[in-house]
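Examination of the molecular architecture
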Amino acid sequence: MKIGITCYPTYGGSGVIATELGKGLAGRGHQVSISDYPLFEYPPYSISLAAKMADVMLTEKLDIMHVHYAIPHAISAYLANSILGGKGKKHVPIVTTLHGTDITIVGKDPMMMDAVRLGINNSNAVTSVSHFLKNETELHFSPTLPIQVIYNFVNHDVFKKIHDDKFRNVFAKPNEKILIHISNFRPVKRTEDVIAVFNLVQKELPVKLLLVGDGPDRPTLEMKCRELCICDKVKFLGRHPSITPLLSVADVMIMPSLTESFGLAALEAMSCETPVIASDVGGLRELIEDRTNGFLCKTMDVETMARRGTELLSDEDMLMRFKRSARVRAEEFNIEKALNEYEQIYWALLKRK
Ligand code: GMT
């Protein structure tokens, strides 16, 4: 098949999933083109994108256009098909994968409601990355199409624990534990809770915190660390192209988000044998098994998160058990399964064409 894939060219799980899906499909002999046209960085993004999509659909004779996010990508794809229709050309079937932010946050803005619905209902197939997101979408948008859940995945050979004591020594002494948080530091990630939890844990045991990523809340966090006098224990590492070495030196990840439609960073951590203390929300409930390979705590309940963190980090047997179980659980979210499910959708649409 010839498949076009569109995603946000930014740091984030949806871009990772779209890219890995493209690589996986190419590995199975499909021809895949991923849109990374530089014009997309500038307004009017959706219209430029639609024009580019129509061009690629036509010149590459695409069989399928797979877009990640309803807004604006599904709407751009719909527009692209209208451009093709205007030229008397055939529509290309659109597959839309919902990743969350447009549904859970922007989608609830009444102004955007109809636009999101337009994108979803003009797709030929819609998938979501968790049951939580499927239910949210059905509740708020009453889509006309059934939504199929296809869980996110990781490459378990890439996200695999690397044993490197020398690298670990860069961040912590042998007697110190390491907590890690990775995100884009948006308010939804509750990074202030990461600092609050860490502050409580570091009062109980020797521990360091690695903060990976960047975003709007970072300056506030840096100030908070100064206020709490914990700067020597917290490392702001910024964005990293390869996070496996960092996940591998960490003992526990903390993800106190207000919501996560899936929580790909948690899956990546688990694949590197790093258990996760997370909020009991969204898709995280479908990934983390509470008290087995992580802890699910009430959102913003930093005391409980800190208690669980201290408990886990100070009990070597329990920590080993959780680490092993995290990897076993992560292996259930594998790319082959996801590729089969996406391919089935593509073939069914091609048959209908
Ligand atoms: O969470 C973000 O800010 C980034 C966003 C993205 O576009 O990657 O993440 C969303 O999609 C990921 C991939 O499916 C999910 O793992 C994240 O849970 C989801 N973010 C939210 O729901 C807040």
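The structure displayed is predicted, hence computed values, not measured ones.

Here's the deal with the domain arrangement of the protein
If you check the domain split of the protein, you get domain 1 (2-153 + 334-352) and domain 2 (165-330). On the domain 2 side, the residues contacting the 17 residues of domain 1 number 14 residues. The tally of links from domain 1 across to domain 2 stands at zero salt bridges. At the junction of domain 1 and domain 2, the tally comes to five residue pairs in polar contact (both at pLDDT 80 or more). Mapped by element, the contributors of at least two residues to the side of domain 1 that touches domain 2 are α1 (13-27), α4 (101-105) and α6 (131-141). Within the side of domain 1 that touches domain 2, the residues separate by chemical class into nine nonpolar, eight polar and no charged.

A word on the sheet that holds strand β10 (residues 252-255)
Spatial strand order, β9-β8-β7-β10-β11-β12: six strands in an open sheet with parallel pairing. A strand with exactly one partner marks an edge of an open sheet, and here the two such strands are β9 (234-238) and β12 (294-297). When strand polarity is set aside, the average angle formed by the axes of neighbouring strands in this sheet is 20°. Relative to β10, strand β7 (residues 177-182) runs parallel, the two sharing two bridges. Paired with I180 across the two strands is M253, which belongs to β10. Together, β7, β8 (207-212), β9 and β10 form the strand contacts of helix α8 (residues 191-201), whose direction differs from that of β8 by roughly 170°.

Notes on the pattern of salt bridges
For the coordinates displayed, the defined rule picks out 21 salt bridges. Where R218 meets D214, a salt bridge forms, and the shortest distance between an N and an O atom there is 3.5 Å. Within the structure, one salt-bridge network assembled from shared partners comprises R28, E336 and E343.

Side note on the sheet that holds strand β5 (residues 125-128)
With respect to topology, six strands assemble into an open sheet ordered β2-β1-β3-β4-β5-β6, the strand pairing being parallel. Whereas interior strands pair on both sides, the edge strands pair on one side only; in this sheet they are β2 (31-34) and β6 (147-149). Strand-to-strand, the axes of this sheet are offset by a mean angle of 25°, without reference to chain direction. Bridging between strand β1 (residues 2-6) and strand β3 (residues 64-68) involves four bridges; their strand directions are parallel.

Focus: the site of the ligand
Lining the immediate surroundings of the ligand are 17 residues, of which G13, S14, Y69, H99 and E260 lie closest. Contact distances for the ligand include 2.5 Å between an oxygen atom and a side-chain N or O atom of E260. F262 is positioned with one of its backbone polar atoms (N or O) 3.1 Å from an oxygen atom of the ligand. Here the ligand has 480 Å² of accessible area as a free molecule, and 93% of this is covered by the chains. Both domains that furnish three or more residues to the shell around the ligand are identified here as domain 1 (2-153 + 334-352) and domain 2 (165-330).

What to know about unusual backbone geometry
The omega torsion across I71 and P72 is -5°, close enough to zero to call that bond cis. You can see P72 is positioned in helix α3 (residues 70-86). The phi torsion at F185 lies on the positive side, around 50°, for a residue other than glycine. Within the secondary structure, F185 is located in the loop between β7 and α8.

Things to note about the packing of aromatic side chains
Under the criterion given, the structure shown has seven aromatic pairs. A ring pair is formed by F167 and F171, whose centres lie 5.2 Å apart and whose planes are at 90°; its orientation type is edge-to-face. Of the two residues, F167 and F171 are both situated in helix α7 (residues 165-171); the distance of four residues between them amounts to about one turn of the helix. Its relative accessible area of 26% is what places F167 among the partly exposed residues. What makes F171 buried here is its relative accessible area of 9%.

A word on the environment of V188
By the element assignment, V188 lies in the loop between β7 and α8. Among the residues examined, V188 registers a relative accessible area of 11% and is labelled buried. When the C-alpha atoms of V188 and P256 are compared, they prove to be 9.0 Å apart, with 68 residues separating the residues in sequence.

Each value, and the rule that gives it
- Residues numbered from 1 in each chain as written.
- Predicted model: local features only at pLDDT ≥ 70, side-chain atom pairs only at ≥ 80, totals over all residues.
- Heavy atoms only, no water.
- Domains from an automatic or database assignment.
- Contact = heavy atoms within 4.5 Å.
- Salt bridge = Lys/Arg side-chain N within 4 Å of Asp/Glu carboxyl O.
- Polar contact = N/O pair within 3.5 Å; in protein donor to acceptor, adjacent residues only side chain to side chain.
- Helix = DSSP H or I, 4+ residues; strand = E, 2+ residues; numbered from the N terminus.
- Nonpolar A, V, L, I, M, F, W, Y, C, P; charged D, E, K, R; others polar.
- Pairing = 2+ DSSP bridges.
- Axes fitted to C-alpha atoms, helices over the stretch in contact; angles between N-to-C directions.
- Near = heavy atom within 4 Å.
- Areas by Shrake-Rupley, 256 points an atom, 1.4 Å probe, with all protein chains shown as cover.
- Phe/Tyr/Trp six-rings, centres within 6.5 Å; stacked < 30°, edge-to-face > 60°.
- Buried < 20%, exposed > 50% of the residue type's maximum accessible area, 1.4 Å probe, protein only.

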